[in-house]
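Close look at the chain arrangement
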Amino acid sequence: MQRLDEAVHRTHESQSALLPVSVIVPVRNESRNLPRCLGSLCKMGEVYVVDSNSTDSTVEIARSHGAKVVQFHYQGGWPKKRQWVMDTLPLAYDWVLLIDADESLTPELEAEIRQAILNPGIDGYHIALQMSFLGRALRHSGASFYKLSLFRRGKGQFECRLRDQDTSMCDMEVHEHVIVDGPTSRLKNMILHHNVESLSHYIQKHDEYSNWDARVWMRGEAGTSELPPALFGSQAQRRRWLRKRLFTLPGSPVLFFLYKYLFCLGFLDSVPGLIYCLFQGIQFFHIKAKLYELRRQEKSANVRN
């Protein structure tokens, strides 16, 4: 009986031990989302909250949860926030987890990560996002996708698709993906992604994203060599291939909305699904309009010279 009690105690002790994982959480004015995120990371070995001069209580919340707070002062160019952390900070553990402030882990995912990092043959894991938008979990709408969020330190880095960036384009990697030098796999459990703090915040954030996207489209194929668009490649490559094919078509914002709302069954996600799919089409329109503006400015500059 004593041996059984000791075995049970050791099992509980191992399950409650901190995971040897360094977590990177990029933030800017995330006081509303951060408590939920950090609360789900309490079993992680260390958590870096990388702030961009927040004006709310983000820093105080991070410190109250025991996170290490670092300020990132972006002046444009490359690297951006998360790559800068990986290049600069003394991460303590061999595994790195990237998670946003509006995301959180489930106990099931935490347990799966605990087992996954013991596999010596895998250097990175793709983890799917379960998106919640306007209070509803989107089961359709093409909203759930995989990100390479967990990888061995030194094995993963962000692709750099655009070095000539400025502060209008968000100081964090937008649609750049992590490239891992080694075998990768997928985890079964999802990260919970609470996508909307408010529609105003969502619109402001995606306005910065569209500035970046327009600049990337100006470069054409440049900056995609590490992860080129491919119909039969990874999920990220397929999404990139689809966007490339749709982007050049007349009326592509409408076509992209219809793809999300009809082909991806966004109508089954009720009103939040409709709003989400519409915003996806509007984002396409913003990118195309800003690309037109950039080309017009470039043409005017060439005429003056």
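Heads up: the structure comes first, above all this text.
About the criteria used
- Residues numbered from 1 in each chain as written.
- Predicted model: local features only at pLDDT ≥ 70, side-chain atom pairs only at ≥ 80, totals over all residues.
- Heavy atoms only, no water.
- Core = buried A, V, L, I, M, F, W, Y, C linked by side-chain atoms within 4.5 Å.
- Buried < 20%, exposed > 50% of the residue type's maximum accessible area, 1.4 Å probe, protein only.
- Helix = DSSP H or I, 4+ residues; strand = E, 2+ residues; numbered from the N terminus.
- Contact = heavy atoms within 4.5 Å.
- Phe/Tyr/Trp six-rings, centres within 6.5 Å; stacked < 30°, edge-to-face > 60°.
- Lys NZ or Arg CZ within 6 Å of the ring centre and 35° of its normal.

Here's the deal with the nonpolar core
- Judged by nonpolar contacts, the single largest core of 32 residues is most densely connected at Val25, Leu41 and Leu150.
- By residue number, the principal contributor to this core is strand 1 (residues 19–27), which donates 5 residues.
- In this structure Leu41 touches Val23, Val25, Val47, Ile99 and Leu105, once residues within four positions along its chain are discounted.
- Of all hydrophobic cores here, the second largest spans 19 residues; its members include Val70, Val96, Leu148 and Phe158.

Quick word on the packing of aromatic side chains
- A full pass over the atoms with the stated rule returns 13 aromatic pairs.
- With centroids separated by 5.4 Å and ring planes inclined at 15°, the aromatic side chains of Phe257 and Tyr261 adopt a geometry described as stacked. Of the two residues, Phe257 and Tyr261 both sit in helix 8 (residues 252–263), 4 residues apart, roughly one turn of that helix. Considered together, Phe257 and Tyr261 belong to a single accessibility category, that of buried residues.
- Among the aromatic residues, ring-to-ring pairing joins Trp217, Phe247, Phe256, Tyr259, Phe263 and Phe284 into one connected group.
- Its guanidinium or amino end placed over the ring of Phe247, Lys288 lies 5.4 Å from that ring's centre, counting from NZ or CZ.

Some details on the environment of Tyr48
- Mapped onto the secondary structure, Tyr48 falls in strand 2 (residues 44–51).
- Residue classification places Tyr48 among the buried residues on the basis of a relative accessible area of 6%.
- Tyr48 sits 205 residues away from Pro253 along the chain, and the two C-alpha atoms are 38 Å apart.
- If we ignore the near neighbours within four places in the chain, the residues touching Tyr48 are Val23, Ile24, Val25, Lys68, Val70, Leu89, Pro90 and Leu91.

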